[in-house]
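Breakdown of the fold
Residues per chain, in single letters:
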Amino acid sequence: MLPLLLASSSTYRRELLSRLQLPFTCSSPDIDESHRPGESAVELVKRLAEEKARALAPSHPGHLIIGSDQVAVLGERIIGKPHTFDKARQQLLDASGASVTFLTGLALLNSQTGQCQVDCIPFTVHMRTLDDQRIERYLNAERPFDCAGSFKAEGLGVSLFKSTDGSDATSLIGLPLIRLVDMLLVEGVNIP
């Protein structure tokens, strides 16, 4: 098996990938993650996932490189990481009683052959109706300011959900393992 490289500095993605019990290393690519005019959210995450993988190919020949990128979409609007308490509060107020769709772009690049598999995996969270007090209690407890949508699904954030829809719950956290396993199998990786 070619060495596996995760093109990310995300601790969430590292934790998810470790579930597959495969040896891997991590490296953070340096790419421009700007949204291009007229680019859909699906096109954006697929492009960024592939660009992250390709950015590391010259320095990692003979590797299987995993790139991933995620955005949250509320209505027609892409919502990113809030970074601050006030922005997180506003994101959760906007999402109250609504549905937020997380689009996770995934790329697996064989840097030896140049073959790249790319996909986008959606996952939708239907939010409970949230009031200011509940939102503030949650934000003070978990401080999810580095998470798109302003919640951590793997933690207390699940208490804000009414229900979810999607084929792979790990895509919500940022690395869709079910689809990744499909891609790795195409590359001849035996799991487990």
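Residues numbered from 1 in each chain as written. Predicted model: local features only at pLDDT ≥ 70, side-chain atom pairs only at ≥ 80, totals over all residues. Heavy atoms only, no water.

1. What to know about the pairing of strand S5 (residues 99-110)
S5 sits mainly inside the fold: 10 of its 12 residues count as buried. Alignment of S5 against strand S6 (residues 116-127), held across 11 bridges, turns out to be antiparallel. When the sheet's bridge partners are listed, Leu109 is paired in S6 with Cys116. (Buried < 20%, exposed > 50% of the residue type's maximum accessible area, 1.4 Å probe, protein only. Helix = DSSP H or I, 4+ residues; strand = E, 2+ residues; numbered from the N terminus. Pairing = 2+ DSSP bridges.)

2. Some remarks on the nonpolar core
One finds Leu92, Met127 and Phe151 to be the most contacted residues of the largest nonpolar core, which totals 22 residues. Secondary structure elements with two or more residues in this core: strand S3 (64-74), helix H3 (85-95), S5, S6 and helix H4 (132-142). In this view, Leu92 contacts Met127, Leu130, Ile135, Tyr138, Leu139, Gly149, Ser150, Phe151 and Leu160; residues no more than four positions away in its chain are not counted. Of all hydrophobic cores here, the second largest spans 18 residues; its members include Leu6, Leu22, Leu106 and Leu180. (Core = buried A, V, L, I, M, F, W, Y, C linked by side-chain atoms within 4.5 Å. Contact = heavy atoms within 4.5 Å.)

3. Section: the environment of Lys162
Relative to the assigned elements, Lys162 resides in strand S7 (residues 161-166). Among the residues examined, Lys162 registers a relative accessible area of 58% and is labelled exposed. For the pair formed by Lys162 and Thr11, sequence separation is 151 residues and the distance between their alpha carbons is 27 Å. Ignoring sequence-local partners within four residues, the contact set of Lys162 consists of His126, Met127 and Arg128.

4. Things to note about the UniProt feature "site: Important for substrate specificity" (unreviewed entry) in the chain
Per the UniProt record, "site: Important for substrate specificity" (unreviewed entry) is found at Tyr12, Gln70 and Glu154. As for the lining of the largest pocket, the annotated residues named previously contribute Tyr12, Gln70 and Glu154. Note that Tyr12 resides in helix H1 (residues 11-18). When residues no more than four places from it in sequence are discounted, the contact partners of Tyr12 are Asp146, Cys147, Lys152, Glu154 and Ile173. (UniProt positions renumbered as here; feature names shortened; annotations may be inferred. 1 Å grid on protein atoms, 1.4 Å probe; cavity = no way out; pocket = protein on both sides within 12 Å on 5 of 7 lines; lining within 4 Å.)

5. What about the UniProt feature "active site" (unreviewed entry) in the chain?
UniProt's feature table lists "active site" (unreviewed entry) at Asp69, given in the numbering used throughout. With respect to the element layout, Asp69 can be found in strand S3. Asp69 sits in the buried class, given a relative accessible area of 7%. Setting aside residues up to four positions removed in sequence, Asp69 forms contacts with Arg13, Glu33, Val45, Leu48, Ala49, Lys52, Leu103, Thr104 and Gly105.

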